[in-house]
Amino acid sequence: GNEYINETIRQVMAQRAQENVFKLNEYNFIVNMDSLNLFKISKVSNSNEPEPSTQEDLLLVQFDLADLAYWSTHKENERLFGFIIRDKNFKFFCHVFESDVNANDICESITKATQVAYQILVVEIN
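Calculation criteria
Residues numbered from 1 in each chain as written. Predicted model: local features only at pLDDT ≥ 70, side-chain atom pairs only at ≥ 80, totals over all residues. Heavy atoms only, no water. Helix = DSSP H or I, 4+ residues; strand = E, 2+ residues; numbered from the N terminus. Buried < 20%, exposed > 50% of the residue type's maximum accessible area, 1.4 Å probe, protein only. Contact = heavy atoms within 4.5 Å. Areas by Shrake-Rupley, 256 points an atom, 1.4 Å probe, with all protein chains shown as cover. Salt bridge = Lys/Arg side-chain N within 4 Å of Asp/Glu carboxyl O.

> Hey, could you go over the overall build of the chain for me, with residue numbers and the actual values?
Looking only at helices and strands, the chain has three helices and six strands in total. Going from N to C terminus, the chain has its helices and strands arranged as α-β-β-α-β-β-β-β-α. When the 126 residues of the chain are sorted by exposure, 24% land in the buried category. Summarising the internal contacts of the chain: among those between residues at least 6 apart in sequence, 48% fall at separations of at least 24. When the accessible surface of the chain is summed, it comes to about 9200 Å², and 50% of that surface belongs to carbon and sulfur atoms.

Next comes the structure, spelled out in structure tokens:
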């Protein structure tokens, strides 16, 4: 898992450099005991387009913790991290991100969320 995440990050960063992509979209990444959630950042707009008004409108993607196979930070850059998700067809996909905070903190939050979810599952089974 770790090698796969680091290689995926390397490929994404190489492609960004080749395409001169330096400014990226910003999102909020929220971890809870059920899921990993990626939200659009709500901004005040002067345009006539309606702005998202609810959290559901802002949610881009939600990954269930039950489908989370692996996560880690990049071995050389503390702002990069990734995780591997299993889909319904048992295919695995790697998602990588660049953070404005230390990615170790994000991975630690994911670890804590999975531990809490596991503890709840054990209590429910017994």
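> So what about the pattern of salt bridges? Which residues, and what values?
This model, assessed by the stated rule, comprises five salt bridges. Note that R16 is salt-bridged to E98, the shortest N-O span being 2.8 Å. Residue R16 is located in helix α1 (residues 2-18), and its partner E98 is located in strand β6 (residues 92-98); the two are separated by 82 residues in the primary sequence. For R16, a relative accessible area of 15% puts it in the buried group. Residues participating in the shared-partner salt-bridge network are R16, R79 and E98.

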